[in-house]
Each structure stands twice: as structure tokens, then as C-alpha cells.
Amino acid sequence: MRTESTLRYGQERLFFMLINNNISAVIANKHLLRNETSLSASAEKLSSGYKINHAYQNPSGMAISNRMRAQIKALDRATDNTSDGISVIQTADGALNEVTSMLQRMRELSVQAANDTNTPEDRAQIQKEVAQLRDEVDRVSSSTEFNSMQLLNGDMQTKAYADGVTRLSVSSAVDPGTYQIQIEKAATKATLAGGTLNNASPAVTATQAGSFTINGQKVTLTAGMTSDEAFEELKKAAQLGDATATRDTTGKITLTSGISTDDYDEVLGNAWGQDAKITVAANDKDPKSQAAMEYFGLEAGSSKDQKDAEVKLLNTGTGSFSSSATAAIDGKKVTITDNNGFEMSFLLDDALDADGKKTNASTAGQQIGTDHNNAPINGLEIKVTDIGKLSFHVGANKDQTIEVEIPSISAKELYLDQVNVNTFDSASRAISLVDNAITKISSIRSDLGAAQNRLEHTYDSNNATSENVNDAISRILDTDMATEMVEYTKDNVLQQAGTSVLSQANELPQMALQLLQ
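Residues numbered from 1 in each chain as written. Predicted model: local features only at pLDDT ≥ 70, side-chain atom pairs only at ≥ 80, totals over all residues. Heavy atoms only, no water.

**Quick notes on the nonpolar core**
Inference 1: Membership of the largest hydrophobic core comes to 45 residues, with the highest contact counts inside it found for Leu-103, Leu-152, Ile-409 and Leu-416.
Inference 2: Contributing elements (two or more residues each) for this core: α2 (59-113), α3 (120-143), β21 (390-393), β22 (401-404) and α6 (424-477).
Inference 3: Listed in part, the 27 residues of the second largest apolar core include Ala-230, Ala-276, Ala-292 and Leu-298. (Core = buried A, V, L, I, M, F, W, Y, C linked by side-chain atoms within 4.5 Å. Buried < 20%, exposed > 50% of the residue type's maximum accessible area, 1.4 Å probe, protein only. Helix = DSSP H or I, 4+ residues; strand = E, 2+ residues; numbered from the N terminus.)

Quick look at the structure:
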């Protein structure tokens, strides 16, 4: 049962005094619930600070903001990576700065030793300090670390491989690939053959008690010396003169350029090539001097058969030398240079014969092709890879990296093991060797400095990008507190009004009781 009063205005009908269905209350409640939902949303936005708290509020904005959040976090991590990279470079550069100081001291000592006011004993004392500095360079090379990683031992440089060479190094400008080099002639040492001196040889006589020189170093024999004692004198003088005196099982004496000491192979002086030498000289005015030399079966003069290696650059591999590439040869050391910082250097294997062929073909001098006459071409294949460099991930996305190369600075890589100041000639050569080492260290530091500058700009760029992306995501996500407060106030007022209206609408059915009276 319901009581109804109806008024018509066109097609519209207004109902009131409904008991079972209070339309006025339903309408008021509907708007109240809508205002309550809007008020709750405004309260959530005001309390969270975000205007997108659920995906339904702005699906595309939510997706965009999530991508931006990921980019911001990655940028912040990349900024830390960049900072760590700068620290690595600073650590390496600090060690290289000290190496530079040691090289400067070695050069100073070499200049000092290249003065003939020094006696052989003086030069031997100078050489002791040179050897200590050389060993300290080696120690720095092997012990400089960052986060337990060695920085200066070659682990952080481009990896290259070849059979039949040692001390192979390539610059960062050498592209990955296989480079072929034809060996036309091998380097040879300076040698002088002497006589035979064994246990059956007579002792030194009074007429043989004289002195002669090997590479400027005096060999002095005294009467009554045994053959073994005499050979030890020869051996000692030869070593001071950058030569090695040996005897075979029969007692045959041979003088060879270069010596080995301090766990290094053929360290001191120039053992190979046209600059290697062995010069034996006697005092023409002293018959005993000539007799002392003849006791060892030696003749006055210099060796003439030493020569540098000869190589030819080929373009038959996957890596090509340009037409402007040149090879500089120093004994068995080959240095190939080209424009734009291209450099490749190595020492040829000792076992190559005069034709560039290898007695053990598995290591060097292997056949790498044939010429137009179908004759074999003996040579080397040097394989340069694209691995080994230190890679810093400095961006928010994949492959956004900066690569830095830190070459080895060991004594052998810098050829400091050949620095010897025991003679005038070797001291003069030492100056050149140390100059080359200083140039290499300076080049390494220059590259590291350029990389550090780049990383510092990358650091600033990442910070600026992160700031701007944060600003962009703020426009999408952050609540405009002033605008949202206006909405909140409006919804709050409407909610109070709706509550009041609903209360009044709920009283309308009570009016039906008056009709029953």
C-alpha cells in the first residue's frame, strides 16, 4: 500500500510521501555516496602526495611514471658507477705518478753514468740503485689494486695473442682482427769465438800476466792463475761489458752480446741487432796485453755479424695495416705504428733462424701463406680481441658504457730490464730506454686523464638528467595541494549538505502519518 500525490509538468512526474520507496532519500544517498567517494579520493591524494594512487585513476600516467621511476633509479646507480670509475682511474694515476718520479731518477742516474769521469766501480754502484728502482716499478705494477683487482699488471688492457713473440702489446686504436707479418730475416747477436780453455790448459805464465779489454772492461791476468780462475776474470769483465762468456763441454770459449741477471732474461744492454757489439782490444805497446788476450784464443777487433730483424707487413688477415703503417726494428724488437694512435710492439722469438724459419714451427715462423712463386711465406699471426678493457656502465640502459684501457707497466713492458749503466755506451742507451718508458707512462696517464674528464662530465650529465626526469615524473604523479584542497573542501561541504538532505528525506515518510489521522 502506498499513498501518492502526483503533479505533472510536461512529461515529468514528481513523487513524494512514498513509504516503501523513498525516492528522495535514494537520490540524496546516491549523491552522498558519490561525494564520499570523491572526498575519500581527495583525502588519499592529499595524504599520499600522489594524484595517481591506483592504475584506474590514470592508466597511461601510471605506466609512464613506472618507466620513469626505473630510469631514475638506474641513473642514480649509473652515477655511482661513474664515481667508482673515477676512483679507479685516480688510483691508477696516483701509482703512475710515482712511477714517473722513479723513471726521472733512473734517467738522472743514466746521465750521471754516461760520464767517463766514473770508474767501472762507480758505475756498478749506480747500477745498484737503477736495479732497485726497476724492481720497485715491477712491484707497483703487480701490487696496485682497487677492490682487490690489479690495475697495472695488464689485466685491464686489450688482449692480444700470438705464437712466437713475447711482450706483445697493442694500443686501444688497434681494431680486433688477425694481423699477419712476414718474417724476412731474424735478429742475430754479436758473437766472438775464442780458443779452448779447460782443466788441462796450463796456468797463466809471467809473459801472459797482462790486461786487455772487452767492451771497455778490463780483463787482468796474473802469473800462476789457473785456467778456471782466468776464465772467471774473463766472465766477470764480459758481464760488466754487456756480454756473456761461456765454455762448452770441451772448453771452447764463446763471447755473446747480452747478459742475464736478477731473474730477467738478457736484461742489460742491447743483446740483439746491429747495435749489439763485442769489441776486444789490447795495448799495442804492451806485449803482455797481447799475450793475455791470446791466452783465451781471442783476437783484437769487433764482431761484424750482428743484425736487426727484417719484417714485412701483410694485408692478408682479417686485420689490415694501412699503407702508412711502418715497422721500426731494434734488434728483435718490432714496433708497428700508424696514424690515430695505432701501435703494436713485440719481441720476436729467439729461436728464429736467419731465414725467419722456426725450428719448432708450432711457435713462430709458421707458414702463413705462399708467394706468387708458390714458395712458403713464414711469419706471425697476431690475434687482437675486443676483450680486456675496463668497462664502466654509466647509463640507465643497456650498452651505455665507457671503456678504459690500463696497460701493463712492468719492467719488461717498459723495457727497463735492459737499462744498464755499467759502460759508457750502455749508459747512453739507457737514457734512450728511460725516455721511451717516460713517454709511454705519460701517454697512459694522458689517456686516463682524458677518460676521467669524460667520466666527470658523465657524472654531471647523469645528475642533470635524473633531476629533469624527477621533475617530469613530479608533474605526472605529485598532487597539486592547492587544487586538491579546493576539491576536498567542496566535497566536504557537499558531504555535509548531502547528510543533512538525506536526514530530511528520511523524515518524509513520517508525514504520511498525518494522512491517517
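Picking up after the structure, the text goes on.
**Digging into the sheet that holds strand β18 (residues 343-348)**
What links the strands of a sheet is backbone hydrogen bonding, and the strands pair in either a parallel or an antiparallel sense.
Inference 1: On the basis of which strands lie adjacent, the open sheet formed by four strands has the order β6-β18-β17-β16 and antiparallel pairing. A strand with exactly one partner marks an edge of an open sheet, and here the two such strands are β6 (165-170) and β16 (326-330). Averaged over all adjacent pairs, the angle separating strand axes in this sheet is 15°, with direction ignored.
Inference 2: Note: strand β17 (residues 333-337) against β18, five bridges, orientation antiparallel. In the strand pairing of β18, Lys-333 is matched with Leu-347. (Pairing = 2+ DSSP bridges. Axes fitted to C-alpha atoms, helices over the stretch in contact; angles between N-to-C directions.)

**Focus on the side chain of Asp-338**
Inference 1: In this fold, Asp-338 is placed in the loop between β17 and β18.
Inference 2: Among buried charged residues, Asp-338 stands out as having no salt bridge; its nearest opposite-charge side chain is Lys-389, 16 Å away.
Inference 3: For Asp-338, the side chain forms a polar contact with the side chain of Ser-322, separated by 2.2 Å.
Inference 4: A distance of 2.5 Å separates a polar atom in the side chain of Asp-338 from a polar atom in the side chain of Ser-324.
Inference 5: Leaving out residues up to four positions away in the same chain, Asp-338 has contacts with Ser-322, Ser-324 and Ala-325. (Lys, Arg positive; Asp, Glu negative; His and termini not counted. Salt bridge = Lys/Arg side-chain N within 4 Å of Asp/Glu carboxyl O. Polar contact = N/O pair within 3.5 Å; in protein donor to acceptor, adjacent residues only side chain to side chain. Contact = heavy atoms within 4.5 Å.)

**Topic: the packing of helix α1 (residues 23-48) against helix α7 (residues 481-507)**
Inference 1: Running from N to C, α1 and α7 cross one another at 155°; their axes reach a closest spacing of 8 Å. As judged from the angle between their axes, α1 and α7 are roughly antiparallel. Remark: the crossing between α1 and α7 carries left-handed chirality. (Parallel < 35°, antiparallel > 145°, perpendicular 65-115°, else oblique. Left-handed = near helix turned anticlockwise from the far one by under 90°.)

**Brief notes about the pattern of salt bridges**
Inference 1: For the structure shown, the criterion picks out 16 salt bridges.
Inference 2: A salt bridge links Asp-228 to Arg-247; its shortest N-O distance comes to 3.2 Å. In this pair, Asp-228 sits in helix α4 (residues 227-240) while Arg-247 sits in strand β11 (residues 243-247), placing the two residues 19 residues apart along the sequence.
Inference 3: Judged by its relative accessible area of 31%, Arg-247 is partly exposed.
Inference 4: A single salt-bridge network, built from bridges that share partners, covers Arg-77, Asp-80 and Asp-84.

**So, the packing of α2 against α3**
Inference 1: Between α2 and α3, the shortest axis-to-axis distance is 10 Å and the interhelical angle comes to 165°. With respect to α3, the axis of α2 lies roughly antiparallel. Along this stretch, α2 crosses α3, giving a crossing that reads as left-handed. Seen from α2, the contacting residues are Ala-95, Val-99, Met-102, Arg-105, Met-106, Leu-109, Gln-112 and Ala-113; seen from α3, they are Arg-123, Ile-126, Glu-129, Val-130, Leu-133, Arg-134, Glu-136, Val-137 and Val-140.
Inference 2: A class-by-class count of the residues in the contact of α2 with α3 yields eleven nonpolar, one polar and five charged. (Nonpolar A, V, L, I, M, F, W, Y, C, P; charged D, E, K, R; others polar.)

**A short note on the environment of Ile-27**
Inference 1: Mapped onto the elements, Ile-27 comes out in helix α1.
Inference 2: As a C-alpha pair, Ile-27 and Ala-505 span 478 residues in sequence and 9.2 Å in three-dimensional space.

**A word on unusual backbone geometry**
Inference 1: Within the chain, Arg-167 stands out as a residue other than glycine whose phi angle is a positive 55°.
Inference 2: Note that Arg-167 resides in strand β6.
Inference 3: Residue Asn-340 is not a glycine yet carries a positive backbone phi of 60°.

**Here's the deal with the side chain of Ser-227**
Inference 1: In this fold, Ser-227 is placed in helix α4.
Inference 2: On the basis of relative accessible area, Ser-227 is assigned to the buried category, the value being 4%.
Inference 3: Among residues more than four places away in sequence, those in contact with Ser-227 are Leu-197, Asn-198, Asn-199, Ser-201, Arg-247 and Tyr-295.

**Details of α1**
Inference 1: The end-to-end C-alpha separation of α1 is 37 Å, in line with the 38 Å expected for 26 residues at 1.5 Å each.
Inference 2: Those residues of α1 that fall on the buried side of the exposure criterion are Ala-25, Ala-28, Leu-32, Asn-35, Leu-39, Ser-42, Lys-45 and Leu-46.
Inference 3: Residues of α1 that are buried in the fold lie against α7.
Inference 4: Phi for Gly-49, located one or two positions after α1, is positive at around 85°. (Expected span 1.5 Å × (residues − 1).)

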